Amino acid sequence: MTSSLPPALPDLESPAGTTAMLWAEGTDDAAGWAAAHRDALRAAVTERGAVLVRGLGLRHADDVGAIVRQLDAVPVTERESFAPRHTYSEGVYSSSKWPPNQPMCMHHELSYTLEFPGLMLFACLGAPTKGGATGVADATAVLDALPAELTERFEREGWLLTRNYHDEIGASLPEAFGTDDRDAIERYCRANAIAFAWQPDGGLRTRQRRSAVVRHPVSGQRCWFNQIAFLNEWTLAPEVREYLIDEYGADGLPFNTRYGNGDPLTEDTVQLLNKVYEAHTLRRPWQAGDLLLVDNVRTAHSREPFEGPRDVVVAMADPTRLADSAPTIEVTLP
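Residues numbered from 1 in each chain as written. Predicted model: local features only at pLDDT ≥ 70, side-chain atom pairs only at ≥ 80, totals over all residues. Heavy atoms only, no water.

## Focus on the overall build of the chain
If you tally the helices and strands in the chain, you get nine helices and 19 strands. A compact globule built from 334 residues would reach a C-alpha radius of gyration of about 20 Å, and the chain, at 20 Å, matches this within 12%. Judged by the C-alpha coordinates and their principal axes, the chain covers about 70 × 40 × 40 Å. The contacts in the chain between residues at least 6 apart in sequence include a share of 81% that link residues at least 24 apart. Element-wise, carbon and sulfur atoms account for 49% of the exposed surface of the chain, whose accessible area totals about 14900 Å². On the chain, the mean spot of the 31 positive side-chain charges and the mean spot of the 47 negative ones are 2 Å from each other. (Helix = DSSP H or I, 4+ residues; strand = E, 2+ residues; numbered from the N terminus. Rg over C-alpha atoms; globule rule 2.2 N^0.38 Å. Contact = heavy atoms within 4.5 Å. Areas by Shrake-Rupley, 256 points an atom, 1.4 Å probe, with all protein chains shown as cover. Lys, Arg positive; Asp, Glu negative; His and termini not counted. Charge placed at Lys NZ, Arg CZ, Asp CG, Glu CD.)

What follows is the structure, encoded as C-alpha cells:
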C-alpha cells in the first residue's frame, strides 16, 4: 500500500555558530523537492528563523522563481530600494550592487516600508573564492541583548530614516520607485507616510518614521526589526563617510538614521548595535547550488566582504504589512 504522507524533511544540522542546514541529496528537481517538502520546510523556517538547503544544484535565476511558486509564496515587488538590482522576474532579483570589500551589516529587508517581505530566499549560483557569506541573526535574541533603556526609547519614538536620491550614488528614482514621474512619486510618498522635498538639482530628499520593534505575525515574538545600524552614517567605512560628507554635505548623505524624534545617533550607539548583531551571527560559507530561506521578521541578515565572483540571486515573498505586526508607534508623517 502506498503511503499518502508527504516525505519527511531531512534532519537539520546546526553546530554552534552555524546556520541550520539540511541536505537535499539525490534530487535533480529542485522545484519538485521544494513542493514535496513545502509545509515542513516552511515550518522549519518559522521555527528556526533561517534554514540553508544544500544539494539542490541551483544554476539559474529561473530555478529560484520556480521554488517560490512551489512554496506557494506570493512574490514581493521591491520599492524604495537603497541600491540598484537587476530584476530577473517578479520578486526575483540580483544581489544589491554594493562594493565587495565593504560589508553589508545586519538588517531586515525593506523594514522601512509599510509592506515588506515576510520570506527571503537567497540562492548561490556561483560562490566567491573568499568570504561573502550571508550571515543571519535572531531578532528576538538581539532585542533581549540590547540595553533596555535603548530599546525602550526606540519603542517609544521609533526610528527615522532620511534619504537623498540622486543619480550619482545609490538607487536612482526610477530604480527606487519604479518611475521617474514626479506626480507618481509624490502619490507614493503620501500613501506611505513619507515626507518629501524636491531639491534644486532635481534630486529628492525624504524622511520616514517607522517602528523599531514589531511582533512576529505568526509566533507573536517581539523582534528588533529595522535597519537602524545598516543605514547609519557610522556604519560606513570612515573613508567612505568622509568622502560622502565632503561631496554632499552632512544632510546630503544617500541615507542616514536617527532616533524617532530626530536626535542623531552617536558612533558608540551604532557600534553597540553592530557588536550585538555580531555576537548573535550564524554563518556558513556559500557553496554553488545552495538555497538559504530566511524569515525576514524573525531573522536579520548580512553580507560579508568577499573576493572573486559571487552570484547570489535574491527572492522576496509573502508580503507582510507593518500594521499587522503590532508596531509600537503610529506611522505618520515625521
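## Considering the pattern of salt bridges
Within the structure shown, the criterion is met by 14 salt bridges. One salt bridge in this structure joins R321 and D324, with 3.1 Å as the shortest N-O distance. The network of salt bridges with common partners includes E78, R85 and E109. (Salt bridge = Lys/Arg side-chain N within 4 Å of Asp/Glu carboxyl O.)

## Observations concerning the sheet that holds strand β5 (residues 104-107)
Ordered by their spatial adjacency, four strands build an open sheet running β5-β17-β8-β15, and the pairing between neighbours is antiparallel. With partners counted over all chains shown, the strands left at the sheet margins are β5 and β15 (281-282), one partner each. Sheet topology places strand β8 (residues 136-138) next to β15; two bridges connect them, and they run antiparallel. Bridge pairing in β15 places V136 opposite L282. (Pairing = 2+ DSSP bridges.)

## Re unusual backbone geometry
Most peptide bonds are trans, and most residues other than glycine sit at a negative phi. Unlike most non-glycine residues, A193 shows phi in positive territory, near 55 degrees. Along the chain, A193 falls in the loop between α7 (182-191) and β10 (195-198). Given a relative accessible area of 12%, A193 falls into the buried group. Its identity as a non-glycine residue notwithstanding, A326 has a phi of 50 degrees, on the positive side. Along the chain, A326 falls in the segment after β19 (311-321). (Buried < 20%, exposed > 50% of the residue type's maximum accessible area, 1.4 Å probe, protein only.)

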